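Spelled out from the first residue to the last, the chains are:
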Amino acid sequence: MKKKWLVIIFAVILLILGVLGKELTQQKQQDVMVDWFANNEINSLSTKELRSGSSDSEIAVLSIKGTIQGGNNNSLSAMSEGYNHEKTLQVIEQIKEDENIKGLVLAVDSPGGTTYHSAELKNKLNDLKAARDIPIYVSMGTTAASGGYMISAEADKIYANKETVTGSIGVIMQMPNYHEFLDEHGIKMTTYKSGDHKDMGSPFKDANKEEQKIFESMIDESYEDFVSVVADGRGMSKNEVKELADGRVYSGQQAKDNGLVDSIGNQDDTIDTMMGDNDLSSARVVDVTPNKEQDFFSQLFSNVQQFISLTGRTDSTANDLKAIDHMIKDAKAPQLYYLYGGGENAI
């Protein structure tokens, strides 16, 4: 019933925007839609029963699928992405406040992400553990590498499939370099800066030796943090972890043989083990992953974006200039990643 009313209201807003389309700017129309979605139940946290049982004793399943990074809360497209960082943190906070939830299974299928967001997610899980002391188990899917492994390492138990790709313990930073291409075409970037290193990481110049040392020191610092997380979580010494932490990936079986995971099995095996280990055989199992119930609206989001683009269109030249301006403004600065596959997995 709620969905029916939401769709009706949604249609009314589209009609109003259609009438006012010539008077509203493209950005203004998008702001109207974003504000409406942000204040309605499309963004509410969803649950789905996976196994029936006692409602006052529940095991929550939370999927971490995709690249671990923050989204753009000011775009409609961000509302329908696979992994939503902000909402995932909200779900963990909700679990912390819900006394009926007696255990958490993380279903991890991620190549990792930025060092910042991976660490933030790990710390949020640690906060939950400190506040509630509920068991947290991990079920690894196709990939649980780098940051995906980092958020898993401190779990009480880790399950992986034999074919899971995991490990990739390390840090990477990549940046493009356009200066030779620009030189070939007679284009030169003039830079005015307040300090010698203000433009370090610029794609229009080579990094000098001092800048390389600065970047390497940052990478080393994040690497040591990662090693410490694995050592603490897996009961290993840092030296033992470093023997495994040269960035390589491991199959699930190899990870088990090296002490990086506990057992070979799937999500059902993980849930069964949690039930048996923690006297939760009668527990209800619920999926609390955000956006699971929002697939219905994904096409609507796409239609809204197309609608806004059409009604806000001017001439093609202006659109091209806007696109170029948008790309320049949204160009990402170099970042550190706990990421398997390098920057190509970052969006």
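Now for a look at the structure at hand. (Residues numbered from 1 in each chain as written. Predicted model: local features only at pLDDT ≥ 70, side-chain atom pairs only at ≥ 80, totals over all residues. Heavy atoms only, no water.)

1. Let's talk about helix 10 (residues 267–277)
Among the residues of helix 10, those classed as buried are Thr-270, Ile-271, Thr-273, Met-274 and Met-275. The elements touched by buried residues of helix 10 are strand 1 (48–51), strand 2 (54–65), strand 3 (101–110), strand 5 (136–145), strand 6 (157–160) and strand 10 (283–287). Positioned one or two residues after helix 10, Asp-279 has a phi angle of 55 degrees, which is positive. (Buried < 20%, exposed > 50% of the residue type's maximum accessible area, 1.4 Å probe, protein only. Helix = DSSP H or I, 4+ residues; strand = E, 2+ residues; numbered from the N terminus. Contact = heavy atoms within 4.5 Å.)

2. Quick notes on the packing of helix 3 (residues 85–97) against helix 4 (residues 115–132)
The geometry of a pair of packed helices is captured by two quantities: the angle between their axes and the separation between those axes. Following both chains from N to C, one finds helix 3 and helix 4 inclined at 5 degrees, their axes separated by 9 Å at the closest point. Relative to helix 4, helix 3 is oriented roughly parallel. Between helix 3 and helix 4, the contacting residues are His-85, Thr-88, Leu-89, Ile-92, Glu-93, Ile-95 and Lys-96 on the first element and His-117, Glu-120, Leu-121, Lys-124, Leu-125, Asp-127, Leu-128, Ala-131 and Arg-132 on the second. Among the residues forming the contact of helix 3 with helix 4, the class breakdown is seven nonpolar, three polar and six charged. (Axes fitted to C-alpha atoms, helices over the stretch in contact; angles between N-to-C directions. Parallel < 35°, antiparallel > 145°, perpendicular 65-115°, else oblique. Nonpolar A, V, L, I, M, F, W, Y, C, P; charged D, E, K, R; others polar.)

3. Description of helix 4
End to end, helix 4 covers 26 Å across 18 residues, agreeing with the expected 26 Å (1.5 Å per residue, within 8%). Inspection of helix 4 places Thr-115, His-117, Ser-118, Leu-121, Lys-122, Leu-125, Leu-128 and Arg-132 among the buried residues, and these make up the whole buried set. Directly after helix 4, the chain includes Asp-133, whose backbone phi takes a positive value near 55 degrees. (Expected span 1.5 Å × (residues − 1).)

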